[in-house]
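Spelled out from the first residue to the last, the chains are:
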Amino acid sequence: MTAERWSSRIGFLLATVGAAVGLGNIWRFSAVVGQNGGGAYLVPYLLAALCCAVPLLVLELAVGRTLRTDVVSAFRAGGPRYAVFGWVVVLSVLLILSYYLVLTGWVLGFLLSYVVDRPTTFATFTAGWAPVGAFLVTTALTGGIVSLGVRDGIERAATVLLPTVFVALAGLAAYATTLAGWDRAVDFLFTPEFAVLADPGLWSAAVGQVFFSLSVGQGIMITYGGYVDDDTDLRRSAVLVTVADIGAALIAGLVIFPVVFTFGLEPALGTELAFRTLPSAFEAMPFGRWVAIAFFGLLFFAALSSAVAMLEVGVTTVATTTRADRPRATVALTAGMAVLGLPSALSYSPVSLSLWDVPVLDLVDGTVGTLALPVSALLLTLTFVYGADLDLVRRELGGLYPVVKYVVPAVLLVVTAATILGVTRPVWRLLTERTARPALALGVVLVLLCLGAVMRRPTR
């Protein structure tokens, strides 16, 4: 049982919102909206958030507070046979983190280029070793925060990073109202074209976005829930986190789309906007350098807070499994992330590391990043609703229990099937159209299951 606790409810909420608000809100949300018909995407997105994400968020927090342990031990508490699922969740999160840190490093690289007033381009940035260096710096910074502990590291960082993100978002949105494309952006974002709702890929993308954005199904909320005091209202907290998360995403859309329409950019370009097209717009607009600093700054802070949360999942598991203290567990896992993420970092560098003509980063995204989230969420739901007998968790869920028991698993089964069949889109859809095949994604998950089976025995 972990002895660490958040210092206050505000600290808990800031840290939890910080875990949820990341690249998925600011960068990917606008990209997916642009690729999926604008305002029509909000319909399945909001439904998925309210009907699936909030109940699952309460479930994870309740499991964490009830058991107060790491993810693998929490699964094992439901029965020894479930430990393999815990390892699948943890290994999936670490694989996602390995390339998420690379993306965060890219953001840091662009931020620094504007800070020193030497704006870069994606082609110039990836032509040298800057992506690798930025990845290593970001990895070390993430590890440094986690090593300081729950209160002095994670919570203290959240109290700085999260308010900065929202202040920057608000300031940029205020600036966006002065741009010529503001009205068109508002119409695009909030006027749905209901005809596109017949596309199953739209619904699958919305559910995937909600789960990635809110950090549910990844064990993060089980870990953070273990640090919550007994008097905190988890359902109210889950709603507040969801509202803050959705709010950040919508404000980000009101920042990005006015720029897109003012400068004649294509909203369906996806994540390419952040590194290829938006920088060109920043160069052309008044105060463009400062707008770029604010944009990449908030993007970096948001990404860093999410990376810290993902690393914390692994650190608590390593510390419990090996009986190591937090500093040693953090150093070991941070070094492991540097090694694990290096191939992804090298895929957009002079090495151009690839497998089957697909950059390694895109390969990891198209396999683990696409399929692991719904699979992990499904394993978590089935374990703690159907497998484990946790009366306290059922009482915490209250009226949400039937939703978690019947609706959430059904949705996750459909999304997982859609992903395997290739209906869904990869998490990021990076700068290449060559992505991994669904069969390869399924193979990676099977490998994770095998690794989990090998690692499931508790350390004596």
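Residues numbered from 1 in each chain as written. Predicted model: local features only at pLDDT ≥ 70, side-chain atom pairs only at ≥ 80, totals over all residues. Heavy atoms only, no water.

> Tell me about the overall build of the chain, residues and numbers included.
If you tally the helices and strands in the chain, you get 19 helices and 2 strands. Residue pairs at least 24 apart in sequence account for 83% of intrachain contacts in the chain once pairs closer than 6 positions are excluded. Carbon and sulfur atoms make up 66% of the accessible area of the chain, which totals about 17,000 Å². (Helix = DSSP H or I, 4+ residues; strand = E, 2+ residues; numbered from the N terminus. Contact = heavy atoms within 4.5 Å. Areas by Shrake-Rupley, 256 points an atom, 1.4 Å probe, with all protein chains shown as cover.)

> Any chance you could break down the pattern of salt bridges for me, citing the residues and the numbers?
Tallying each qualifying case throughout the model produces 8 salt bridges. Taking the shortest distance from any N to any O, the salt bridge between aspartate 152 and arginine 156 comes out at 3.6 Å. Taken as a pair, aspartate 152 and arginine 156 lie in helix α8 (residues 150-176) at a separation of 4 residues, close to a single helical turn. Relative accessible area serves as the criterion here: at 45%, aspartate 152 is assigned to the partly exposed category. The exposed category is assigned to arginine 156, whose relative accessible area is 54%. With a shortest N-O distance of 3.3 Å, arginine 328 and aspartate 325 are connected by a salt bridge. In this structure arginine 328 comes out as exposed when scored by relative accessible area, which is 56%. Among the residues examined, aspartate 325 registers a relative accessible area of 38% and is labelled partly exposed. (Salt bridge = Lys/Arg side-chain N within 4 Å of Asp/Glu carboxyl O. Buried < 20%, exposed > 50% of the residue type's maximum accessible area, 1.4 Å probe, protein only.)

> Can you lay out the packing of aromatic side chains for me, pointing to particular residues and giving the numbers?
Remark: the centre distance and the inter-plane angle together describe each pair of aromatic rings, the angle taken between the planes. What the rule picks out here adds up to 24 aromatic pairs. Seen in terms of ring centroids, phenylalanine 122 and tyrosine 348 are 5.9 Å apart; in terms of plane orientation they differ by 65°. Their pairing is edge-to-face. Taken together, the residues phenylalanine 122 in helix α6 (residues 122-127) and tyrosine 348 in the loop between α15 (326-347) and β1 (354-355) connect sequence positions 226 residues apart. Across this residue pair, the class does not change: phenylalanine 122 and tyrosine 348 are buried. Taking 6.4 Å as the distance between ring centres and 20° as the angle between the ring planes, the aromatic pair formed by phenylalanine 275 and phenylalanine 296 counts as stacked. Residue phenylalanine 275 is located in helix α13 (residues 272-284), and its partner phenylalanine 296 is located in helix α14 (residues 288-322); the two are separated by 21 residues in the primary sequence. For phenylalanine 275, a relative accessible area of 1% gives the class buried. A relative accessible area of 0% places phenylalanine 296 in the buried class. Here the aromatic residues Trp106, Phe110, Tyr114, Phe122, Phe125, Phe275, Phe282, Phe295, Phe296 and Tyr348 are joined through ring pairs into a cluster of three or more. A cation over a ring is seen here: arginine 289 above tryptophan 290, with NZ or CZ 4.7 Å from the ring centre. (Phe/Tyr/Trp six-rings, centres within 6.5 Å; stacked < 30°, edge-to-face > 60°. Lys NZ or Arg CZ within 6 Å of the ring centre and 35° of its normal.)

> Please provide a residue-by-residue account of the environment of alanine 418, values included.
With respect to the helices, strands and loops of the structure, alanine 418 is situated in helix α18 (residues 401-420). Measuring from C-alpha to C-alpha, the distance between alanine 418 and leucine 371 comes to 9.7 Å, with 47 residues separating the pair along the chain.

> Pulling in residues and values, what's your account of a nonpolar patch on the surface?
A cluster of nonpolar side chains, namely Leu382, Tyr386, Tyr406 and Val407, defines an oily patch on the protein surface of about 390 Å² accessible area. Looking at the nonpolar patch, the elements with two or more residues in it are α16 (360-387) and α18. Of note, tyrosine 386 is situated in helix α16. (Patch = residues over 30% accessible without salt bridge, like charges linked within 9 Å, V, L, I, M, F, W, Y side chains within 5 Å.)

> Explain the environment of valine 146 to me, and be specific about the residues and the numbers.
Position of valine 146 relative to the elements: it lies in helix α7 (residues 130-147). Overall, the relative accessible area of 0% leaves valine 146 in the buried class. Those residues in contact with valine 146 that lie beyond four places of it in its chain are Val308, Leu311, Glu312, Val315, Arg326 and Thr330.

> Would you mind going over the packing of helix α3 (residues 42-67) against helix α12 (residues 234-262) in detail, with residue names and values included?
To describe two helices that pack against each other, one gives the angle between their axes and the distance between the axes. Orientation of α3 relative to α12, taken along the N-to-C sense of each, is 140°, at an axis distance of 9 Å. Taken as axis vectors, α3 and α12 run oblique relative to one another. Helix-helix and strand crossings are classified by hand; for α3 and α12 the assignment is right-handed. Contacts between α3 and α12 involve Leu42, Tyr45, Leu46, Ala49, Val54, Leu57, Val58, Leu61, Ala62 and Arg65 from the former and Leu234, Arg235, Ala238, Val239, Val241, Thr242, Asp245, Ile246, Ala249 and Leu250 from the latter. For the contact of α3 with α12, the residue count by class is 16 nonpolar, 1 polar and 3 charged. (Axes fitted to C-alpha atoms, helices over the stretch in contact; angles between N-to-C directions. Parallel < 35°, antiparallel > 145°, perpendicular 65-115°, else oblique. Left-handed = near helix turned anticlockwise from the far one by under 90°. Nonpolar A, V, L, I, M, F, W, Y, C, P; charged D, E, K, R; others polar.)

> Report on the side chain of threonine 104, specifying residues and quantitative values.
Looking at the element boundaries, threonine 104 is found in helix α5 (residues 83-115). Setting aside residues no more than four positions away along its own chain, threonine 104 makes contact with Leu23, Thr138, Phe300, Ala303 and Leu304.

> I'd like to hear about the nonpolar core, residue by residue, with values.
Ranked by size, the top nonpolar core spans 161 residues in total, and within it Leu59, Phe296 and Phe384 carry the most contacts. Here phenylalanine 296 is in contact with Val107, Phe110, Leu111, Tyr114, Ala274, Phe275, Pro279 and Phe282, once residues within four sequence places are set aside. (Core = buried A, V, L, I, M, F, W, Y, C linked by side-chain atoms within 4.5 Å.)

> Residue-level account of the confidence of the model for the chain, with values.
For residues with low pLDDT, the predicted coordinates do not support detailed interpretation. Across the chain, pLDDT averages 85, with 90% of residues at or above 70. Here helix α19 (residues 438-455) stands out as the element of the chain with the lowest mean pLDDT, 63, in contrast to α7, whose mean of 96 is the highest. Confidence drops under pLDDT 50 across residues 426-436; counting only partners more than four residues distant or on other chains, this segment forms 46 contacts. (pLDDT = per-residue confidence, 0-100.)

> Describe the packing of helix α1 (residues 9-20) against α14, listing the residues and the values that go with them.
Running from N to C, α1 and α14 point in directions that differ by 105°, and their axes come no closer than 7 Å. It follows that α1 is roughly perpendicular to α14 by the angle criterion. Contact with α1, carried on its side by Gly18, Ala19 and Ala20, involves Ala302, Ser305, Ser306 and Ala309 of α14 and no other residues of that element. In terms of residue class, the contact of α1 with α14 is built from 4 nonpolar, 3 polar and no charged.

> Mind laying out α18, listing which residues take part and the relevant values?
In a regular helix each residue adds 1.5 Å, so 20 residues correspond to 28 Å; α18 covers 28 Å between its end C-alpha atoms and thus fits that length. A bend of about 30° at valine 407 is the largest found in α18, and the proline proline 409 appears one to four places after it. Residues of α18 that are buried include every one of Tyr401, Val404, Val408, Pro409, Leu412, Val415, Thr416, Ala418 and Thr419, and no others. (Expected span 1.5 Å × (residues − 1). Bend = angle between axes of the 7 residues up to and from the residue.)

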